[in-house]
Amino acid sequence: MRARYTAHTLAKMKFIIDTHHPSSRGDIDAVATEKWAAESEWLGLDIREVDDSTENTTRIEFTARYRDTDKQRHTHHEVGVFEKYHGQWYFRDAEVPEIKQFRRDAPKQGRNDPCACGSGKKYKKCCGQN
């Protein structure tokens, strides 16, 4: 995953194509991908989650940040599916990541509730002030 990201930052299309699964290499528009990779300013890669629970398939959720030719910042968020084929790992496909809903462990502090710090004041007059 990190090697493919680095290949994008350097616009190394041979590596990108060579690490793409042989069955879907024909789906790559190498000219357009190389142009996009070369013209983008790459800002970072974050690996969010790795699911390697099966022997021959691994799913890696990641975000890659970049700036396009118009200097607009973008975040590319996907789950990359990697498959072992003849003993070698290849990028197989991309999936849309599942959006997980945030759940609080404790109830939200209300503005008019007593402050949790124990001051005896309302939250809005104590720790809730801006």
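That block above? That's the structure.
Here is a short report on the structure shown in this document. Given the structure is predicted, the values throughout are model-derived calculations rather than measurements.

This brings us to the layout of surface pockets. When its volume is computed, the largest pocket comes out at roughly 440 Å³. If you trace the largest pocket, you find 19 residues lining it, with R4, H8, H76, E78 and F91 closest to the centre. Listing elements by their share of the lining of the largest pocket, those giving two or more residues are α1 (2–9), α3 (30–39), β2 (57–67), β3 (73–85) and β4 (88–95). Among the elements that make up the lining of the largest pocket, the one with the highest residue count is β4 (4 residues). When grouped by side-chain class, the residues that make up the lining of the largest pocket number 11 nonpolar, 4 polar and 4 charged.

With that settled, consider the sheet that holds β2. One open sheet holds the 4 strands; their spatial order is β1-β2-β3-β4, and the pairing between them is antiparallel. Single-partner strands in this sheet number two, and they are β1 (41–51) and β4. The average angle at which neighbouring strand axes cross in this sheet is 30°, direction not considered. Inspection of the sheet shows β2 paired to β3 by 11 bridges, in the antiparallel sense. What sits directly across from I60, in β3, is G80. On the sheet, α1 packs against β1, β2, β3 and β4 and is oriented at approximately 165° with respect to β1.

Okay, the pairing of β4 next. Note: β3 against β4, 7 bridges, orientation antiparallel. In the strand pairing of β4, F82 is matched with F91.

With respect to the helices, strands and loops of the structure, T33 is situated in helix α3. A polar side-chain atom of T33 sits 2.9 Å from the main-chain carbonyl oxygen of D29. Every residue in contact with T33, bar those within four places of it in the chain, is listed here: H8, M13 and I28.

Okay, the pattern of salt bridges next. Under the counting rule described, the total for this entry stands at 7 salt bridges. Residue K35 is joined to E39 by a salt bridge in which the shortest nitrogen-to-oxygen separation is 3.0 Å. Here the residue K35 and the residue E39 both occupy positions in helix α3, the gap between them amounting to 4 residues, near one helical turn. Here R65 makes a salt bridge to D46, at a shortest N to O gap of 2.6 Å. Here the residue R65 occupies a position in strand β2, and D46 occupies one in strand β1, the gap between them amounting to 19 residues.

Once that is clear, we can look at the pairing of β2. Pairing analysis gives 9 bridges linking β1 to β2, with the strands arranged antiparallel. Its bridge partner lying in β2, L45 is registered against A64. Linking β2 to β3, which pair antiparallel, is a turn of 5 residues; within it K71 sits at a positive phi near 65°.

Parameters at a glance
Residues numbered from 1 in each chain as written. Predicted model: local features only at pLDDT ≥ 70, side-chain atom pairs only at ≥ 80, totals over all residues. Heavy atoms only, no water. 1 Å grid on protein atoms, 1.4 Å probe; cavity = no way out; pocket = protein on both sides within 12 Å on 5 of 7 lines; lining within 4 Å. Points joined across faces, edges and corners; volume = space filled by probe spheres on them. Helix = DSSP H or I, 4+ residues; strand = E, 2+ residues; numbered from the N terminus. Nonpolar A, V, L, I, M, F, W, Y, C, P; charged D, E, K, R; others polar. Pairing = 2+ DSSP bridges. Axes fitted to C-alpha atoms, helices over the stretch in contact; angles between N-to-C directions. Contact = heavy atoms within 4.5 Å. Polar contact = N/O pair within 3.5 Å; in protein donor to acceptor, adjacent residues only side chain to side chain. Salt bridge = Lys/Arg side-chain N within 4 Å of Asp/Glu carboxyl O.

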